[in-house]
Amino acid sequence: LSDCATSLPWHALVNLVSDASEPVLQRRLLAALSLAESAGIWVANGIKSMTTCASKVTQHALLRTAGLPSPRTIAVSLGAGTELAALASQAGLRYPLLLKP
């Protein structure tokens, strides 16, 4: 990998791939980002930002830590509609709600 990294023809890499893209594309992208970062190439939207954006729970925690406003949020494992509604009600959340997988 290090031999490959030293011969990269790039001076910069800009990641414009959505965190909602196909898993195979994300795996390839993470490999390219890792290679570029290890070679010291400037990367916009690198591995750290991509993995942060992929996790809605992490996004919420970062916003709260920074003191920025964010919607009330609860994280739940998979569940049916009635289960989710009951959990939302227990947390004091009211409709309209935005549910993100």
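Each remark here, short or long, concerns the structure printed above.
Residues numbered from 1 in each chain as written. Predicted model: local features only at pLDDT ≥ 70, side-chain atom pairs only at ≥ 80, totals over all residues. Heavy atoms only, no water.

Participant: I would appreciate a short explanation of the overall build of the protein chain in the present structure.
Facilitator: What the protein chain contains, in helices and strands, is five helices and two strands. The burial tally for the protein chain puts 20% of its 101 residues in the buried class. By sequence separation, contacts in the protein chain at least 24 residues apart represent 39% of the contacts at least 6 residues apart. (Helix = DSSP H or I, 4+ residues; strand = E, 2+ residues; numbered from the N terminus. Buried < 20%, exposed > 50% of the residue type's maximum accessible area, 1.4 Å probe, protein only. Contact = heavy atoms within 4.5 Å.)

Participant: What is the right way to look at the nonpolar core in this model?
Facilitator: Side chains of a nonpolar character, in soluble globular proteins, are inclined to be buried together. Core analysis: the biggest nonpolar cluster contains seven residues, these being Leu 13, Leu 29, Leu 33, Ala 36, Ile 41, Val 43 and Met 50. Broken down by element, the residue count for this core peaks at three residues, all from helix α2 (residues 23-38). Filtering out sequence-adjacent residues up to four positions away, Met 50 remains in contact with Asn 15, Gln 26, Leu 29, Leu 30 and Leu 33. (Core = buried A, V, L, I, M, F, W, Y, C linked by side-chain atoms within 4.5 Å.)

Participant: Looking at this structure, I do not really get the packing of helix α3 (residues 47-54) against helix α4 (residues 56-65). What am I missing?
Facilitator: Pairs of packed helices are described in terms of their axes, by the angle between the two and the distance that separates them. At their nearest, the axes of α3 and α4 sit 5 Å apart, and the two run at 100 degrees to each other. One way to sum up the angle between α3 and α4 is to call them roughly perpendicular. In contact with Thr 52, Cys 53 and Ala 54 of α3, α4 contributes Lys 56, Thr 58, Gln 59 and Leu 62. The class makeup of the residues in the contact of α3 with α4 is three nonpolar, three polar and one charged. (Axes fitted to C-alpha atoms, helices over the stretch in contact; angles between N-to-C directions. Parallel < 35°, antiparallel > 145°, perpendicular 65-115°, else oblique. Nonpolar A, V, L, I, M, F, W, Y, C, P; charged D, E, K, R; others polar.)

Participant: In this structure, what is going on with the environment of Ala 12? I would like to understand it.
Facilitator: With respect to the helices, strands and loops of the structure, Ala 12 is situated in strand β1 (residues 12-14). Ala 12 sits in the partly exposed class, given a relative accessible area of 39%. Apart from the residues lying within four places of it in its own chain, the contact partners of Ala 12 are Ile 41 and Trp 42.

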